[in-house]
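# Survey of secondary and tertiary structure
Listed here are the chains, written in short residue letters.
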Amino acid sequence: MDMGTCAPDTMPVVRDLKDFDQRSGSRLERLVFNNRLAVVLLCAIATVLLAWLAVSRLALNASFEKMLPQSQPYIKHYLENKSALRGLGNSLRIVVENPKGDVFDPQYLEVLKQANDELFLTPGVDRAWMKSLWSANVRWNEVTEEGFQGGPVMPDAYDGSQQSVEQLRINIARSGVVGSLVANNFKSAMIFVPLLDKDPATGQPIDYKALSDTLEQKVRALEKGKYPVKVHIVGFAKLVGELLDGMLQVLMYFGVAAAVATAVIFAYTRCVRSTALVVACSIVAVLWQLGLVAAFGFELDPFSILVPFLVFAIGVSHGAQKMNGIMQDVGRGTHLLVAARYTFRRLFLAGLTALLADAVGFAVLMIIDIPVIRDLAMTASLGVAVLIFTNLLLLPVLLSYIGVSPAAAARTMREERAESHGRGLGAAWQWLDRFTERRYATAAVLVALVLGVGGAALSLRLKIGDLDPGAPELRKESRYNRDNGYITANYSLSSDQFAVMVKTPAEGCLKYDTLLEADRLAWQLQQVPGVQTTVSLADAVRQVTAGSAEGSPKWLTISRNQDVLNYGAQQASTNNPDLFNSECSMMPVIAYLADHKAETLERVVQAADGFAREHSTPERQFLLAAGSAGIEAATNIVVKESNTRMLLYVYAAVVALCFITFRSWRAVLVAVLPLLLTSILCEALMVALGMGVKVATLPVIALGVGIGVDYALYLLSVQLAQQRAGASLGDAYRHAVQFTGKVVGLVGITLAAGVVCWAWSPIKFQADMGILLTFMFTLNMVGALVLVPALSHFFLKKA
């Protein structure tokens, strides 16, 4: 958005081009307008090239590691030990349900085998660590008079006969997989599928969209087979697949946003040619941005997919102001080319300043140590950069060729004269003028103060992290969250795992002291509300030790004898090789949580971190954290730290920018205080709507402040110029609101229209961002029109 810094009538009307000095204006203006054809040709070539890059190279994808805060200590611990934590990283859980019976139906078991085989052959699957009833590494053990006996849960001689099915039933009962790989009600079975970071065949990162499509075509399709089953799939890869599918639907909303913006601009101008030109230049900006994203090797993910909407909306806002300036000059009789140069002369520097304010909201996101947010900031910064060329340079040049319709220009002048006499919108401007008077100014400030205090009190209840069970990225009624709800309800071990890594020298995890401390940690975690159960090597060793003593409960303990411990670990590794790594230098203590809500994670982190600080030694370190819940806990910590720091940075940058623009600390207060009120009320709205501060909602306030300050810049630039020329506050604000009031309203409506359609996105966090940004853009507009004159009465009565 850009601001008018002076009224158009301050420049002389030039009806004949011969009367205009082509050497007037800045060097940049002369360079652009004296070489108009070259500018248009260069921009056309760039548009074709970048559009080709966008179409041919730009990909939609998401990365597991890009969601991780890379420098956070917990994430560093996880990445350093990732190879030893295959079951705690990126994985899928596929549950095949038998709606007509239980898992002991031979026909059902055949379908389960089909699903297992399809998954085993799927590219990107870490096959060695797959687990299901059909996996040879899922075993049973029992103690007999002759010692230990064991074997795979699925009998070697299984042939679908009643006898082999009965043997399977016995094996399941003595294997301990009920609640983990077999549902508590025996109506479904799970296939656990860990994933690699890269496809071994190609060396390329896993294509989550292709993987999700494969799951639908090869596994979910079993629901339509001869024997009907229901398939439930959860895991990061499937979640990303759902998000990418939702992104395609969101792209359709871009057309809706463009149509709404076109309608708003046309309603304002009633000029087809200039409306089409403004929209076209904004679409060109989006094409340039997407082309540059592809050229620099970035991908569009569920976060950065929203940037083109903002670029388009900001571009239309710029174009509206350019068109408004040219239309007013042409209406006074100025030659079209001269009108374009006047508009450029009047608005380029102000527009560049406003774009920098927009860029502040994006650039400050770079401080957040989450790659997906940094990618969002980078793609948005590219969008702001291209707007300098497409909307500050190209659009005025094109308008100098195509121009505006004479009828629209004449209508603009008629409306301006009517407004100056208090008719039409002039009545609204006169009503707004009242806020420069003490009575109305005091009332406005008091109402704002009450709203601010109430909002601040409510915002104290704002939580960090997710507040709902399931995947908060998707809506509650989504297929993924229904699948997650089924698995949570029917299995004892949830997908929300919080793991503490116990790191020792080689063979150190078998030491008595290490196992004892790990067992104490597990017991302490079990006391935390929200923890369902814990699993560690200590549990397995204890069970093997008791089994070696004919199952006597007296021996259900951790022996001090190292040979007994070695034997117990050796037996445990047969059934659970993921309980420690091959060197026995790292073992996880895994807590299964009832959910991943913010309060649950805070309690678990507090207990685990306190234990780690007290019990870690140079030989034995307790490192947080792995597992899906551990990673989310680390992300919440980064979000909490970044939230306050980000707001301080964005407000510091906006204050500095306003001070450079206005050269008055009083004007800075008038510009920034309405933004502060909006930020407080936005946090209160998040509490009211049940939203937490998380990766998705963290950028919203920064974007709202960076873009929202432009409203005040519109009004205050004109108001201060008039006051410094000798006008009273009332006259100065009246002139400012007459000149920019419609544009401020137009910008607010256009920006809101650009993002409000996100509210219907199947992706929940996009819907949340759309609601919050629409609220901030609208409230910033109202705040600027009402609070700027009210605050000016107290701070800027004399400029």
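Residues numbered from 1 in each chain as written. Predicted model: local features only at pLDDT ≥ 70, side-chain atom pairs only at ≥ 80, totals over all residues. Heavy atoms only, no water.

## Things to note about the overall build of the protein chain
Quick note on the threshold: Every helix listed is a DSSP run of H or I at least four residues long, and every strand listed is a run of E at least two residues long, numbered separately from the N terminus. Only protein chains enter the accessibility calculation, which uses a 1.4 Å probe; a residue is then buried when its area is under 20% of its type maximum, exposed when over 50%, and partly exposed in between. Only the protein chains shown count as cover for residues, and all accessible areas are computed by the Shrake-Rupley method using a 1.4 Å probe. His is not counted, nor are the chain ends, whereas Lys and Arg count as positive and Asp and Glu as negative. The atoms used to mark charge sites are NZ of Lys, CZ of Arg, CG of Asp and CD of Glu.
Along its length, the protein chain carries 24 helices and 9 strands. When the backbone C-alpha atoms are referred to their principal axes, the protein chain occupies close to 110 × 50 × 45 Å. Burial analysis of the protein chain (799 residues in total) assigns 58% to the buried set. Accessible surface, the protein chain as shown: approximately 32000 Å² in total, 59% of it carbon and sulfur. In the protein chain, which carries 70 positive and 67 negative side-chain charges, the distance between the mean positions of the two groups comes to 12 Å.

## Let's talk about the state of the cysteines
This is how it is decided: For this text, the term disulfide refers to a pair of cysteine sulfurs within 2.5 Å.
Counted by the stated rule, this structure contains 1 disulfide. Across a sulfur-sulfur distance of 1.9 Å, Cys509 and Cys584 are joined as a disulfide pair. Looking along the S-S bond of the Cys509-Cys584 disulfide, the torsion reads about -90 degrees, which is the left-handed sense. You can see Cys509 sitting in the loop between strand 6 (497-503) and helix 16 (512-526) and its partner Cys584 sitting in the loop between helix 18 (562-575) and strand 8 (586-593), a full 75 residues away along the chain. We note that Cys509, like Cys584, is buried. Looking at the unpaired Cys281, the closest cysteine sulfur is the one in Cys43, lying at 8.5 Å.

## A short note on the sheet that holds strand 6
The following threshold applies: In short, DSSP must find at least two bridges between two strands for them to pair. Each axis is a line fitted through C-alpha atoms, taken for helices only over the stretch in contact, and angles between the N-to-C directions span 0 to 180 degrees. Here, two residues are considered to be in contact whenever any of their heavy atoms come within 4.5 Å of each other.
Strand order in the open sheet made by the 4 strands is 7-8-6-9, with antiparallel pairing throughout. Looking at strand neighbours, the two that pair on one side only are strand 7 (531-535) and strand 9 (621-626), the edges of this open sheet. Across the sheet, the mean angle separating the axes of adjacent strands is 25 degrees when strand polarity is ignored. As judged from the 7 bridges shared by strand 6 and strand 8, these two strands associate in the antiparallel manner. Its bridge partner lying in strand 8, Gln497 is registered against Tyr592. The strands touched by helix 19 (residues 598-615) are strand 6, strand 7, strand 8 and strand 9; relative to strand 9, the strand with the most contacts, the crossing angle is about 160 degrees.

## Structural notes on unusual backbone geometry
Following Leu624, the chain continues to Ala625 via a peptide bond in cis, the omega torsion being 0 degrees. Mapped onto the elements of the fold, Ala625 is located in strand 9. Unusually for a residue other than glycine, Arg663 sits at a positive phi of about 55 degrees. By relative accessible area, which is 65% here, Arg663 ends up exposed.

## Some remarks on the pairing of strand 6
The element strand 6 is largely enclosed, with a buried count of 6 among its 7 residues. Inspection of the sheet shows strand 6 paired to strand 9 by 5 bridges, in the antiparallel sense. Its bridge partner being in strand 9, Val500 is matched across the sheet by Leu624.

## Thoughts on the packing of aromatic side chains
Heads up, the condition is: Two rings from Phe, Tyr or Trp (for Trp, the six-membered ring) form a pair when their centres are within 6.5 Å of each other. A pair whose planes differ by under 30 degrees is stacked, one over 60 is edge-to-face, and the rest are tilted. Note on geometry: a ring has a charge over it if NZ (lysine) or CZ (arginine) is within 6 Å of the ring centre and within 35 degrees of the ring normal.
Taken as a whole, this structure holds 7 aromatic pairs when the rule is applied. With 5.6 Å between their ring centres and 85 degrees between their planes, Tyr208 and Phe236 make a pair best called edge-to-face. On the criterion of sequence distance, the pair formed by Tyr208 in helix 6 (residues 208-219) and Phe236 in helix 7 (residues 236-269) is long-range, its members being 28 residues apart. Here the two residues Tyr208 and Phe236 agree in accessibility, since each one is buried. Centre to centre, the rings of Phe611 and Phe622 are 5.2 Å apart; their planes meet at 90 degrees, and the pair counts as edge-to-face. On the criterion of sequence distance, the pair formed by Phe611 in helix 19 and Phe622 in strand 9 is long-range, its members being 11 residues apart. By way of ring pairs, the aromatic residues Phe33, Phe344 and Phe348 are connected into one cluster. Taking NZ or CZ as reference, Lys113 lies 5.8 Å from the ring centre of Trp134, over its face. When the ring centre of Trp140 is taken as origin, the NZ or CZ atom of Arg174, which lies over that ring, is 3.5 Å away.

## Digging into helix 16
At 3.6 residues per turn, the α-helix brings residues three or four places apart onto the same side. Test applied: Expected span of a helix, by definition, is 1.5 Å for each gap between consecutive residues, and there is one gap fewer than residues.
Taking 1.5 Å per residue as the helical rise, helix 16 with its 15 residues ought to reach 21 Å, and the 21 Å between its terminal C-alpha atoms agrees with that figure. Taken as a whole, helix 16 has its buried residues at Tyr512, Thr514, Leu515, Glu517, Ala518, Asp519, Leu521, Ala522 and Leu525.

## A closer look at the packing of helix 10 (residues 336-363) against helix 11 (residues 371-402)
Put simply, the rule is: Comment on the angle field: the value is read as roughly parallel under 35 degrees, roughly antiparallel over 145, roughly perpendicular from 65 to 115, and oblique elsewhere. Under the scheme applied, nonpolar residues are Ala, Val, Leu, Ile, Met, Phe, Trp, Tyr, Cys and Pro; charged residues are Asp, Glu, Lys and Arg; polar residues are all the others, including Gly.
Orientation of helix 10 relative to helix 11, taken along the N-to-C sense of each, is 170 degrees, at an axis distance of 9 Å. As judged from the angle between their axes, helix 10 and helix 11 are roughly antiparallel. In terms of residue class, the contact of helix 10 with helix 11 is built from 20 nonpolar, 3 polar and no charged.

## Things to note about the confidence of the model for the protein chain
Defined as follows: The predictor attaches a confidence to each residue, called pLDDT, with possible values from 0 through 100.
For the protein chain, per-residue confidence averages 83 on the pLDDT scale, and residues scoring 70 or more make up 95% of the total. Counting contacts from residues 1-9, a segment whose pLDDT is below 50, to residues more than four positions away or on other chains yields 50 contacts.

## Observations regarding the pattern of salt bridges
Put simply, the rule is: Definition used for salt bridges: Asp or Glu carboxyl oxygen within 4 Å of a side-chain nitrogen of Lys or Arg.
Overall, the coordinates contain 20 salt bridges when judged by the stated rule. Note that Asp117 and Lys113 form a salt bridge whose closest N and O atoms lie 3.2 Å from each other. Here the residue Asp117 and the residue Lys113 both occupy positions in helix 4 (residues 106-120), the gap between them amounting to 4 residues, near one helical turn. For Asp117, a relative accessible area of 33% gives the class partly exposed. Relative accessible area serves as the criterion here: at 29%, Lys113 is assigned to the partly exposed category. Salt bridges linked by common partners bring Glu216, Arg220, Glu223, Lys238, Glu242, Arg479 and Asp483 together as one network.

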